[in-house]
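Fold and geometry: a report
These are the residues of each chain, in order.
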Amino acid sequence: MEKKKVLGLSFGRKNSNTDVMVKTVLMDCEKQGHEVQFLHVDSMDIKPCTGCISCVVGMTTGRGKGGCPIKDDFHILDEALMECDALVVGCPAYETSPTGRFKTVCDRIGPSHDITFRKATYEEGLAAGKDPADLPDVRSFKKRVGALISVGGAMTKNWMAFMLPVMYEITMSMGIDVIDMHEYYGAMGCEHVLGNAPQMERMHLMGENVAAALAAETEEERTKWRGTEQGICPVCHCNFLSFSEDRSVVECPVCGIEASIKMVDGKIQADFSEAQQNRSRLRWAGKLEHSTEIKTQAVGPGQIPNLKELLEPYKNYPAK
Ligand SMILES: Cc1cc2nc3c(=O)[nH]c(=O)nc-3n(C[C@H](O)[C@H](O)[C@H](O)COP(=O)(O)O)c2cc1C
């Protein structure tokens with residue numbers, strides 16, 4: 001069996017529930033012969049994205065390779081991400097959603113790591129005879145699998161309502177195929193997850209699932225959904241839908257794709273066509289749709305002749 005690299009990221013307290021759950025998955029992958037790396041992300045200095053968009057502008061103009069000018073520990077995480085074949089991410093619920101640090105990391109990963117931006121820049125650069133060292137990291141295009149662990153203290157599951165849908169942000173831009181995810185709710189009802197046998201068993205199952213995906217010989221087997229719940233969306237497997245303004249269709253907000261719904265035997269059924277599934281932003285075609293609209297429709301400076309003048313009252317508006 002080929003030895004692969006599994007990276008575990010925890011956004012929880014040191015050695016608390018999330019940490020231990022992520023580490024359990026890693027330990028099982030290690031037992032299967034894989035190399036593992038664990039990062040306690042809250043111990044790292046990772047600054048928020050400033051919105052300068054130099055990462056994307058650099059790639060779309062062919063002058064950059066998706067780098068970020070902020071100097072902090074992100075390069076450690078970036079190198080670990082580039083090296084890994086599987087990513088296991090655990091995050092606690094804070095105010096029904098992943099933590100602020102989690103979002104900070106997601107903003108720093110995407111759009112700078114969007115595989116469609118990186119691939120186009122890489123291929124155009126090679127065709128132009130550029131040195132590969134000046135192009136996006138070739139490891140960006142490695143096929144990876146992912147697993148998500150969401151941990152909430154509240155006894156009511158809906159206090160984690162936005163967890164798994166938002167956690168997809170960490171895998172989305174790099175095109176990591178999530179093959180399993182788990183939600184542990186009611187964590188405050190148990191001193192530590194180590195005293196919760198069913199939760200620990202579920203983490204062992206996740207370890208097995210990640211190892212099985214890494215050992216897969218076909219693309220179908222590699223990306224096969226291995227979670228214990230199917231969810232309503234066949235692409236992200238989340239149970240999260242929004243309604244179109246005219247209420248004619250529903251949309252999966254994670255994937256950005258539409259479905260028709262109907263009641264079958266008293267249960268809601270959402271039908272996502274193959275075409276819609278393929279334009280999910282978790283898949284290449286959906287990502288390409290997005291990077292193409294940015295490339296072709298985003299405008300540069302100098303379009304509004306009197307912008308400087310228009311901005312004047314806002315610049316001097318006091319921030320009290
Ligand atoms: C600021 C804050 C907000 C929280 N909000 C929620 C919440 O909305 N839903 C929930 O289920 N738990 C909530 N919790 C509880 C944590 O999810 C819980 O303590 C979890 O076990 C933390 O993970 P850890 O033990 O790995 O650090 C909150 C905790 C904190 C500190």
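Heads up: these notes are all about the structure in this document. (Residues numbered from 1 in each chain as written. Predicted model: local features only at pLDDT ≥ 70, side-chain atom pairs only at ≥ 80, totals over all residues.)

1. Here's the deal with the overall build of the protein
Scanning the protein from terminus to terminus reveals 12 helices and 10 strands. Taking 320 residues into account, the globule formula puts the C-alpha radius of gyration at 20 Å, and the protein, at 21 Å, falls close to it. When its C-alpha atoms are laid out on the principal axes, the protein stretches across 65 × 50 × 50 Å. Across the 320 residues of the protein, 38% fall into the buried class. Sequence separation of 24 or more characterises 67% of the internal contacts of the protein that already satisfy a separation of 6 or more. (Helix = DSSP H or I, 4+ residues; strand = E, 2+ residues; numbered from the N terminus. Rg over C-alpha atoms; globule rule 2.2 N^0.38 Å. Buried ≥ 20, exposed ≤ 12 C-beta atoms within 10 Å, placed from the backbone. Contact = placed C-beta atoms within 7 Å.)

2. As for the pairing of strand β2 (residues 35–40)
With six bridges connecting them, strand β1 (residues 5–10) and β2 associate as parallel partners. The partner of leucine 9 across the bridge, within β2, is leucine 39. What joins β1 to β2 is helix α1 (residues 17–31), and the crossover it makes is right-handed. (Pairing = 2+ DSSP bridges. Right-handed = clockwise from strand over helix to strand, strands pointing away.)

3. Describing the sheet that holds strand β10 (residues 267–271)
Taken in spatial order, the four strands line up as β7-β8-β9-β10 in an open sheet, and their pairing is antiparallel. Strands at the two margins of the open sheet, each flanked by one partner only, are β7 (242–243) and β10. Examined bridge by bridge, strand β9 (residues 257–264) and β10 share five bridges and lie antiparallel to one another. The partner of lysine 262 across the bridge, within β10, is glutamine 269.

4. Here's the deal with the site of the ligand
Taken together, 18 residues lie around the ligand, and Gly12, Thr18, Pro92, Gly152 and Gly153 are the ones closest in. Mapped onto the shell around the ligand, the elements with two or more residues apiece are α1 and β3 (86–94). Looking at the shell around the ligand, the element that brings in the most residues is β3, giving three residues. A breakdown of the residues in the shell around the ligand according to their chemical character gives nine nonpolar, seven polar and two charged. (Near = placed C-beta within 6 Å. Nonpolar A, V, L, I, M, F, W, Y, C, P; charged D, E, K, R; others polar.)

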